[in-house]
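Single-letter residue listing:
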6 protein chains.
Amino acid sequence: MSRHDGRETNDLRTVLMEPNYLMHPEGSVLIQVGNTKVICTATIEDKVPGFLRGQGKGWITAEYSMLPRATAERTQRDATRGKINGRTMEIQRLIGRALRSIVDLGALGERTLWVDCDVIQADGGTRTASITGAFVALTQALAKIHESKPFSKFPVTDFLAATSVGIIDEIGPVLDLDYVEDSSAMVDMNLIMTGSGRFVEIQGTGEEATFSREELNNMLTLGEEGISKLITIQKEVLGETANLVGYVK
Amino acid sequence: MSRHDGRETNDLRTVLMEPNYLMHPEGSVLIQVGNTKVICTATIEDKVPGFLRGQGKGWITAEYSMLPRATAERTQRDATRGKINGRTMEIQRLIGRALRSIVDLGALGERTLWVDCDVIQADGGTRTASITGAFVALTQALAKIHESKPFSKFPVTDFLAATSVGIIDEIGPVLDLDYVEDSSAMVDMNLIMTGSGRFVEIQGTGEEATFSREELNNMLTLGEEGISKLITIQKEVLGETANLVGYVK
Amino acid sequence: MSRHDGRETNDLRTVLMEPNYLMHPEGSVLIQVGNTKVICTATIEDKVPGFLRGQGKGWITAEYSMLPRATAERTQRDATRGKINGRTMEIQRLIGRALRSIVDLGALGERTLWVDCDVIQADGGTRTASITGAFVALTQALAKIHESKPFSKFPVTDFLAATSVGIIDEIGPVLDLDYVEDSSAMVDMNLIMTGSGRFVEIQGTGEEATFSREELNNMLTLGEEGISKLITIQKEVLGETANLVGYVK
Amino acid sequence: MSRHDGRETNDLRTVLMEPNYLMHPEGSVLIQVGNTKVICTATIEDKVPGFLRGQGKGWITAEYSMLPRATAERTQRDATRGKINGRTMEIQRLIGRALRSIVDLGALGERTLWVDCDVIQADGGTRTASITGAFVALTQALAKIHESKPFSKFPVTDFLAATSVGIIDEIGPVLDLDYVEDSSAMVDMNLIMTGSGRFVEIQGTGEEATFSREELNNMLTLGEEGISKLITIQKEVLGETANLVGYVK
Amino acid sequence: MSRHDGRETNDLRTVLMEPNYLMHPEGSVLIQVGNTKVICTATIEDKVPGFLRGQGKGWITAEYSMLPRATAERTQRDATRGKINGRTMEIQRLIGRALRSIVDLGALGERTLWVDCDVIQADGGTRTASITGAFVALTQALAKIHESKPFSKFPVTDFLAATSVGIIDEIGPVLDLDYVEDSSAMVDMNLIMTGSGRFVEIQGTGEEATFSREELNNMLTLGEEGISKLITIQKEVLGETANLVGYVK
Amino acid sequence: MSRHDGRETNDLRTVLMEPNYLMHPEGSVLIQVGNTKVICTATIEDKVPGFLRGQGKGWITAEYSMLPRATAERTQRDATRGKINGRTMEIQRLIGRALRSIVDLGALGERTLWVDCDVIQADGGTRTASITGAFVALTQALAKIHESKPFSKFPVTDFLAATSVGIIDEIGPVLDLDYVEDSSAMVDMNLIMTGSGRFVEIQGTGEEATFSREELNNMLTLGEEGISKLITIQKEVLGETANLVGYVK
């Protein structure tokens, strides 16, 4: 049996990133992973939250949201419900944590990086697309500062991208699940890795199911491959700016 | 003295509408008025709020929001603050009221039309662009129903569009203010009108200023002209679907 | 056909204002417009919100509320629901904006004027009665400061009053709608004007209907007349204090 | 030493009650106890909360609020803060509980009595004035039903009034404290009693102080006297309606 | 007729207090009164709320909560509901007020004492057990400071304990009601008293009933006896620390 | 270098579980893992949330909370802040998901299992202790039903326990981190596994760091060992009830 859209088990969907998508933010990108579309923006604010003040270190805060009709059924807005739902909170905490792993907060100085990921259209993998796109927006925003006022150490220390892997009945481990696959997957795992091939975060969940250590290993191998391809695309999109990653004067 | 972007006082900015912008909603459009960009979607739900149940009538609810970086400075999300701010509420009430004026709720039957206007990029006139775009999304969504299950009376009874007019120091009355003009305008007025040239809503505010009846009249004349042009564009975008407006078997 | 309470189309209801209605506030008035009764108070606080600090300018914030049984059916309190409803927010923004148009915030200095309008009994026109009454309370409160510590320019630059006009089936344009008329009106318009006859705000809404430019003109003429009468009453109620309006040393 | 306003230790302030104060509610009264003024209304709804449905019994819910400038300093509205403060909650629970003690909920049938106490002006004793006034509004509202559709047992079984007593330094126990006395009292006690002289509620608090059993007894004696006078006034205000209290066919 | 658990009318349930129950807080106790179990902790923070800053005085804030299954039926968490319910608020205000009556806030200095009472298991009398236990936790926490940095006046000026009394049909006045008794009691009264036998707070409520002055007196006598026993237990539990209460150098 | 408390890298802390810890819940346990103490309760409600009604399936909802002084510094209550923080939400979603993986919701029938985990004292690993304890409380609660009304298939299909593993500088991979270790760990991973040795959830996070695939493998091996020991303890605590796990008539 093969995947419903004809992909091989180790194929990513088509990935497009349109940098400088919006006129106002310091960094912005529209990332498309198949039919999933997310606008990622990065904003730099020249102060930090109270708990960090005076320590010479920066901070990164991420927010994630979906338009009500990003989904097949209309989803009620968090603002209308008066509170952020648990899934949203979990995702924005994940995005922030992932980005902090490849940003040297000391090199950033007393600044806050606000990263906003707004899903325009959802077809599976919105959180991993958000991370992959947010990396580009954030790097662009910091490159803009670097132009006028060079960092002695560019705060972005490595590349960062994310994808999903999972196990589908009668097919086995697959890379980059779309919505149809995600809904029927027995196991769903999100992987976040760096340009140097190290893990930043692994979140694997048996969806009312469980998985063996061997299955886990197969999924990890697929994911490593996919993330490596995503990082190649990031480098193309960033062009010369990509050279700043890991830069130390 | 002339307008900062070279327009005549009675010029609209460039208006573009991309219909069927998203894959999931029944109706969707990306409307651009100059640099202002709004995604408008229409969702049809086969039930009505409790207070209307059993009356054979439909309802229209509109929601409006801006991405945090639609604006020059990042705006905090309503969802994060835990409540919808006053400006947002005012705008979404306005959009819903305007649309209800050209929809025959009886002909709609016991359905709710959810209209979502999400501002991707803001450069003045987001509420009027939302109304003009929402009209297109809503008409498309109803046309989709009409295809499979024709209405004896199509619920949309007339065209509807909106624009702003204002008075700018040393220039006088102008049509379709962008952000720069809006910030410095002495008077700001939003006009919503129908295809038959009647008023649906007038909201004119002296911004820490006042205006005479003659100034009011000059602004109204400018606005009538602009709205007529917007409706011409709506007809082109809708194509054959435009003929359904006002249709009675 | 004539109005249900026998008034001519250009008649206001009976208007009474009882100044110094409460013992604690710097300014307070009970305004009655027919059966509509609103307690308006003005409070002066010697500081401004954060965004204005250090600019030598003042601010005006208005709040509006109705007692649960101001209305025929009991209305749930906003405090019990845990959030302010959209209509309330819209009205308090309107009141604040209107008052700011006739107060010189620079002359006011770094002070906040809190205006509270609490509807004790509602019979149509509560927002316009609130504005008309709030003007009196605010002027009194500032006059109290002026006594002990004269302003070189009294911050109130002009009179301000508001009324409603509308179009009623088989009657046509009428002034100052009560609740019965408001419920059946095809068009409902609130007008706010100054003592010098200039417009501060126009808000006209076709209630699931529309209106022509000629109808608009007829309503404006009625409104101008009504507001002029209201300002005459304000002057009587304020007595000598009225002379401070527009005063420059 | 004597009380600051010249009253004897066992004097109430001047008490006035204006029944049928508002046009809409089934029962309403403006009660004045000295400078304290409270609008009390009673609303009858023909259903009960979910937890009581189908039991043939009624319910009483009380809400209490103060206008922002009922007080010397402006108090922020609960609706603006987005939650009801603890003092307000405590008071509205107290009022509801007190009224339920003299209403036969079975005789009331499946109805909810909503009692709203809105303090227009505060000068001490607002919660006790609310209870004393609410009793009158509630009895009137039930009498109105009784006219058209007589109860076999009138649900109000006894009169009910409330007052405060306290201990003031150098003066000792006093009746009906105003704001000045309340602020400096060492002990503050609210008493709620019935027409037959029985206690419904005693709430005595040493304000960062304590009191002996003898002091307690002296306060109770003062309170009994005061409440008896308040009930005499209630009877006058209610006129013939007073005879319905305790009525059984 | 006798009490359902065989106690005499003037018997307390078995009272146990386990001091230093938790490893982190400055003071903590697990108090058991029959089957009612409450964890009380005291936290000392070296600053005061804004309204007290710079006055050289301290503050005490109490919070009270129940585990969802402290009760026979699961109770929804306040955090899940998004607001604190009225009963909880009433209780935490009561606990704070009671503790402030026996703490010299001046001697405490600019510190805040946070007292947390978390009910692990509820069987009637949770608020009075909370107060009795909180006294011990608070005294321990202050004794810990006193060791390293002796107060010239120990801030705790007297002992403090609380219990309930009530009237049960066919039995009459009883001391320390458990849940079964509380549910059926006609009158329910909470008493808080000091080691010197003075009242701090009396809260007596006829539960849809009323009570005479004689019944009140009988309840007070029972309560005085019970509180005296509770204070004896507190002294044993505190050991030498008990000597600090009322200590002045 | 060795662990700060002398444990081997593959040692769990001392684990104690006290079943039937509370009198009211259907299932309850106090679990202690070193100094971490959590009260876990299970409540069975005979209905399901709306989205599941009529499908013959049950549901499991978990809630997690910490007492304010479970921690070294006092933590503000979610109820006081008016919203649940992100960490709490993430944890309660995790607990619920984990338990659903070993409960056959069809065999459960239309019932909701409420699982409450309240941390009394925190010293690292509160979420994994919660899961391990919740399993016991839930199994007991279902066993209680089974006694009176046997399931044909006992809904608990396998054992379930959780622990943490991590990498500590100069020590390497370790099992079951306490608070001191957790604070300094470079990588922190939570593992949830079944009695049959399959994974339910893996959540590994580089704390502002990253990890290699080999390091991941070493951590997984440690975790498998630890969970196997925890399940042995669960079986002892459950006694005969353990035999019901996986039971099919």
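Only a predicted model underlies this, so the values are computations on that prediction, with no experimental measurement involved. Residue numbers run consecutively from 1 along every chain, following the written order of its sequence. Whichever chain is written first becomes A and whichever ligand is written first becomes 1, with later ones labelled in order. Reporting of local features is limited, given that this is a predicted model, to residues whose pLDDT is at least 70; pairs of side-chain atoms are given and counted only at 80 or more, and all residues count toward the totals for whole chains, interfaces and linings. As a convention, hydrogens and water are excluded, and side-chain values are obtained from all of the structure's heavy atoms.

1. Regarding the relation of the copies chain D and chain E
Here is the rule: We superpose the copies by least squares over the C-alpha atoms of residues that have a pLDDT of at least 70 in both of them. We call two residues contacting when some pair of their heavy atoms lies within 4.5 Å.
Note on the identical chains: chain D maps onto chain E by a rotation of 180° and an axial translation of 0.0 Å, with an RMSD of 0.0 Å. Seen this way, the second copy is the image of the first under a two-fold rotation axis. When each C-alpha of chain D is compared by its distance to the rotation axis, glutamine 203 of chain D comes out closest, at 2.3 Å. When the interface residues of chain D are mapped onto chain E, 100% of them again lie at the interface, so the same face is used by both copies.

2. Description of the UniProt feature "domain: Exoribonuclease phosphorolytic" (unreviewed entry) in chain A
All names here are of chain A. Short version of the rule: UniProt positions are given in the numbering used here, feature names are shortened, and annotations may be inferred rather than shown by experiment. The numbering of helices and of strands both runs from the N terminus, where a helix is a DSSP run of H or I of at least 4 residues and a strand a run of E of at least 2.
Look at the UniProt record and you will see "domain: Exoribonuclease phosphorolytic" (unreviewed entry) annotated at residues 12-141 and 159-225. As a span, residues 12-141 carries 30% helix and 31% strand, and end to end its C-alpha atoms are 27 Å apart. For residues 159-225, the helix share is 28%, the strand share is 43%, and the end-to-end C-alpha distance is 15 Å.

3. Description of the side chain of arginine 7 of chain A
Residues and elements named next belong to chain A. Going by this rule: Distance and chemistry together define a polar contact, namely a pair of N or O atoms within 3.5 Å, with one atom able to donate a hydrogen and the other to accept it when in protein, and with adjacent residues in sequence counting only for side-chain atoms on both sides.
For arginine 7, the position within the fold is in the segment before strand S1 (15-19). Within the local environment of arginine 7, its side chain forms a polar contact with the backbone oxygen of aspartate 11, the two atoms lying 2.9 Å apart. Apart from the residues lying within four places of it in its own chain, the contact partners of arginine 7 are Leu12, Arg13, Leu175, Asp176, Asp178 and Glu181.

4. Notes on the environment of glutamine 203 of chain D
Structurally, glutamine 203 of chain D is set in strand S9 (residues 199-206). Distance in space between the C-alpha atoms of glutamine 203 of chain D and isoleucine 192 of chain D is 9.0 Å, their sequence separation being eleven residues. Setting aside anything within four residues of it in sequence, one finds glutamine 203 of chain D in contact with Leu94, Arg97, Arg127, Asp188, Met189 and Asn190 of chain D together with Ile202 and Gln203 of chain E. A distance of 3.2 Å separates polar atoms of two side chains, one belonging to glutamine 203 of chain D and the other to glutamate 201 of chain D.

5. Comments concerning the sheet that holds strand S5 (residues 112-121) of chain D
Residues and elements named next belong to chain D. Applicable threshold: By the convention used here, strands pair only if DSSP detects at least 2 bridges between them. Axis lines are fitted through C-alpha atoms, for helices just across the contact stretch, and the angle between N-to-C directions can take any value from 0 to 180 degrees.
Strand order in the open sheet formed by five strands is S1-S2-S3-S5-S4, and the pairing between neighbours is mixed. Strands at the two margins of the open sheet, each flanked by one partner only, are strand S1 (15-19) and strand S4 (59-66). The mean angle between the axes of side-by-side strands here comes to 15°, regardless of whether they run parallel or antiparallel. Inspection of the sheet shows S4 paired to S5 by eight bridges, in the parallel sense. When the bridges of S5 are listed, isoleucine 60 appears paired with leucine 113. The strands that helix H2 (residues 86-100) touches are S4 and S5; relative to S4, the one it contacts most, it runs at about 145°.

6. Some remarks on the environment of glycine 96 of chain A
By the secondary structure assignment, glycine 96 of chain A is in helix H2 (residues 86-100). Considered as a pair, glycine 96 of chain A and glutamate 63 of chain A are 33 residues apart in the sequence and their alpha carbons are 8.1 Å apart.

7. Things to note about helix H4 (residues 126-148) of chain A
Cut-off, in case you're wondering: Between the first and last residue of a helix there are one fewer steps than residues, each counted as 1.5 Å, and that sum is the expected span. Under the scheme applied here, a residue whose accessible area is under 20% of the maximum for its type counts as buried, over 50% as exposed, and between as partly exposed, the area being computed with a 1.4 Å probe on protein chains only.
For H4 of chain A, which comprises 23 residues, the first-to-last C-alpha distance of 34 Å matches the rise-based estimate of 33 Å (1.5 Å per residue) to within 8%. The buried fraction of H4 of chain A amounts to 20 of the 23 residues, a majority that puts the element mostly inside the structure.

8. Describing the interface of chain D and chain E
The test is simple: A 1.4 Å probe defines the accessible area here, and the buried area is the portion of it lost by two parts on being joined, summed over both. We count a salt bridge whenever a side-chain nitrogen from Lys or Arg sits within 4 Å of a carboxyl oxygen from Asp or Glu.
With 33 residues of chain D in contact, the opposing surface of chain E contributes 33 residues. Between chain D and chain E lies a buried interface of about 3,000 Å² when both sides are counted; carbon and sulfur atoms form 48% of it. Scanning the region where chain D abuts chain E turns up six salt bridges. Summed over the shared surface of chain D and chain E, the result is 20 residue pairs in polar contact (both at pLDDT 80 or more).

9. Some words on unusual backbone geometry
You will see that asparagine 20 of chain A, though not glycine, has its phi angle at about 55°, which is positive. One can find asparagine 20 of chain A in the loop between S1 and strand S2 (27-33). Overall, asparagine 20 of chain A belongs to the exposed group, its relative accessible area being 52%. Of note in this structure, aspartate 176 of chain C is not a glycine but carries a positive phi near 60°. Within the secondary structure, aspartate 176 of chain C is located in the loop between strand S7 (172-175) and helix H5 (179-184).

10. Topic: the packing of helix H2 (residues 86-100) of chain E against helix H4 (residues 126-148) of chain E
Geometry of a packed helix pair, given as the angle between the helix axes and the separation of the axes. Residue and element names in this part refer to chain E. Worth spelling out the cut-off: When describing relative orientation, an angle under 35 degrees is termed roughly parallel and one over 145 degrees roughly antiparallel, while 65 to 115 degrees is termed roughly perpendicular and anything else oblique. If you view the pair so one helix is near and one far, a crossing is left-handed when the near helix is turned anticlockwise from the far one by less than a right angle, and right-handed when it is turned clockwise. Nonpolar residues are Ala, Val, Leu, Ile, Met, Phe, Trp, Tyr, Cys and Pro. Charged residues are Asp, Glu, Lys and Arg, and all others, Gly as well, are polar.
It is the contact of H2 with H4, at a shortest axis distance of 10 Å, that shows an interaxial angle of 40°. Overall, the two elements H2 and H4 adopt an arrangement that is oblique. Here the hand of the crossing between H2 and H4 comes out right-handed. Two secondary-structure elements touch here, H2 through Arg87, Glu90, Ile91, Leu94, Ile95, Ala98 and Leu99 and H4 through Thr126, Arg127, Ser130, Ile131, Ala134, Phe135 and Leu138. Here the contact of H2 with H4 is built from residues that sort into nine nonpolar, two polar and three charged.

11. Brief notes about the packing of helix H2 (residues 86-100) of chain B against helix H2 (residues 86-101) of chain C
Following both chains from N to C, one finds H2 of chain B and H2 of chain C inclined at 115°, their axes separated by 9 Å at the closest point. Compared by their axis directions, H2 of chain B and H2 of chain C come out roughly perpendicular. The crossing of H2 of chain B and H2 of chain C is left-handed. Taken together, the residues of H2 of chain C that come into contact with H2 of chain B (itself represented by Gly86, Arg87, Met89, Glu90, Arg93 and Arg97 of chain B) are Gly86, Arg87, Met89, Glu90, Arg93 and Arg97 of chain C. In terms of residue class, the contact of H2 of chain B with H2 of chain C is built from two nonpolar, two polar and eight charged.

12. Some thoughts on the packing of aromatic side chains
Put simply, the rule is: Classification of ring pairs rests on two measures: the distance between centres of Phe, Tyr or Trp rings, Trp counted by its six-membered ring, which must be within 6.5 Å, and the angle between planes, read as stacked under 30 degrees, edge-to-face over 60 and tilted in between. Only when the NZ atom of a Lys or the CZ atom of an Arg is both within 6 Å of the ring centre and within 35 degrees of the ring normal do we say a charge sits over the ring.
Taken as a whole and judged by the stated rule, the model has 24 aromatic pairs over all chains. Arranged with centres 6.0 Å apart and planes meeting at 85°, the rings of phenylalanine 151 of chain F and phenylalanine 154 of chain F form a pair that is edge-to-face. The pair phenylalanine 151 of chain F / phenylalanine 154 of chain F is uniform in exposure class, with both members buried. Taking the ring centre of tyrosine 21 of chain D as reference, the NZ or CZ of lysine 37 of chain C above it sits at 5.9 Å.

13. Observations regarding the arrangement of the chains
Contact between chain A and chain D is absent, and the minimum C-alpha spacing across the pair is 11 Å. In this assembly chain C lies apart from chain F, the nearest approach of their C-alpha atoms being 11 Å.

14. What about the pattern of salt bridges?
Under the criterion given, the structure shown has 113 salt bridges over all chains. Among the salt bridges present, the one from glutamate 26 of chain B reaches arginine 69 of chain A, with a minimum N-O distance of 3.4 Å. Taken together, the residues span two chains, with glutamate 26 of chain B in the loop between strand S1 (15-19) and strand S2 (27-33) and arginine 69 of chain A in the loop between strand S4 (59-66) and helix H1 (78-81). By relative accessible area, glutamate 26 of chain B is classed as partly exposed at 24%. The exposure class of arginine 69 of chain A is buried, given its relative accessible area of 2%.

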